[in-house]
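Here are the chains, one letter per residue:
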Amino acid sequence: MRGRKPKFRHVRGRETAFQALLGHNGGPPLPSAASWNAFCWRKAAAKSRKTPSREVLAIRMRRAAELGLDYRTYAAVLADGGSTPRTLVVMLSRAVVAYGPFGPQVTRDGALSLHAAVSTKLASLSVPQVVLVAPAPTGGPARDAVAAALDQTVRAAAWPIAAAGVLPSAPAGEVAAWLGDLLTGAGLSPRTALLIGEAAPYQDLVTRARLLGLLPAMRYFDLPTPAPKP
């Protein structure tokens, strides 16, 4: 937003919270439910949720199946992001990889130990590009070990992987820029990339990197909820 003047008089000359959001179009806030802006927003939202024709519905159901999504989830992503996901960025967090007391577990050949449901679902996909991203370790030997295990995971995977990498231990803006470079370097658009991860630590990354959206890994891979620790 640097160097760009807001086009609405009521925000000119002062920085506002909504202006600072990456990806914001500079539009005005919704001051009340009775305002004209709120009315237009409700009208546009209702239009986006309108029941499609049978032909469009069949196309959307086919695309949802190709992405490994149920129709309701696909429709929600489409309504919120405005486009069909073409890339799945899978965050290799504790929900996806088996972890031990000293970090992520590895298989005998040195690859990350993915849960069986994760490997099975990713191997069944043919349309979306899959990108594997490992969380950033503290650095040093731990980071080198995760990077080596991720490289072996890519080599041993039973499905094609478009790109892979370990998140840098850096400020949020630099991490988002790194992820954007990883995607564009593989010929992929961040705008059509859906992050499969947990909302709490990665929602800000989705916003800063301007990804299409975020879907919890537990939901996408249909993983059982872990039992609470005693």
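Provided above is the structure to which this section pertains.
Rules used throughout
Residues numbered from 1 in each chain as written. Predicted model: local features only at pLDDT ≥ 70, side-chain atom pairs only at ≥ 80, totals over all residues. Heavy atoms only, no water. Axes fitted to C-alpha atoms, helices over the stretch in contact; angles between N-to-C directions. Helix = DSSP H or I, 4+ residues; strand = E, 2+ residues; numbered from the N terminus. Parallel < 35°, antiparallel > 145°, perpendicular 65-115°, else oblique. Contact = heavy atoms within 4.5 Å. Salt bridge = Lys/Arg side-chain N within 4 Å of Asp/Glu carboxyl O. Buried < 20%, exposed > 50% of the residue type's maximum accessible area, 1.4 Å probe, protein only. Pairing = 2+ DSSP bridges.

**Remarks on the packing of helix α2 (residues 54-67) against helix α3 (residues 71-81)**
Line of reasoning, step 1. Where α2 meets α3, the closest approach of the two axes is 9 Å, and the angle between their N-to-C directions is 100°. As summarised for this structure, α2 and α3 are arranged roughly perpendicular, according to the angle between their axes. Counted together, L57, R60, M61, R63, A64 and L67 of α2 and Y71, Y74 and L78 of α3 form the full contact between these two elements.

**Observations regarding the pattern of salt bridges**
Line of reasoning, step 1. This model, assessed by the stated rule, comprises 2 salt bridges.
Line of reasoning, step 2. Here D204 ties to R208 by a salt bridge, and the two come within 2.8 Å at their closest N and O atoms. With a gap of 4 residues between them, D204 and R208 both fall in helix α7 (residues 199-209), about one helical turn apart.
Line of reasoning, step 3. On the basis of relative accessible area, D204 is assigned to the partly exposed category, the value being 41%.

**Comments concerning the pairing of strand β1 (residues 87-91)**
Line of reasoning, step 1. With 5 of 5 residues buried, β1 is to be regarded as a mostly interior element.
Line of reasoning, step 2. Burial of the side chains of β1 extends over both faces: T87, V89 and M91 are buried on one face and L88 and V90 on the other.
Line of reasoning, step 3. Here 5 bridges tie β1 to strand β4 (residues 129-134), and the two strands are oriented parallel to one another. Bridge pairing in β4 places L88 opposite V130.

**Notes on unusual backbone geometry**
Line of reasoning, step 1. Of note in this structure, R210 is not a glycine but carries a positive phi near 60°.
Line of reasoning, step 2. Secondary-structure assignment places R210 in the loop between α7 and β7 (213-215).
Line of reasoning, step 3. Phi at D222 is positive, roughly 55°, even though this residue is not glycine.
Line of reasoning, step 4. Tracing the backbone through its elements, the reader meets D222 in the segment after α8 (217-220).

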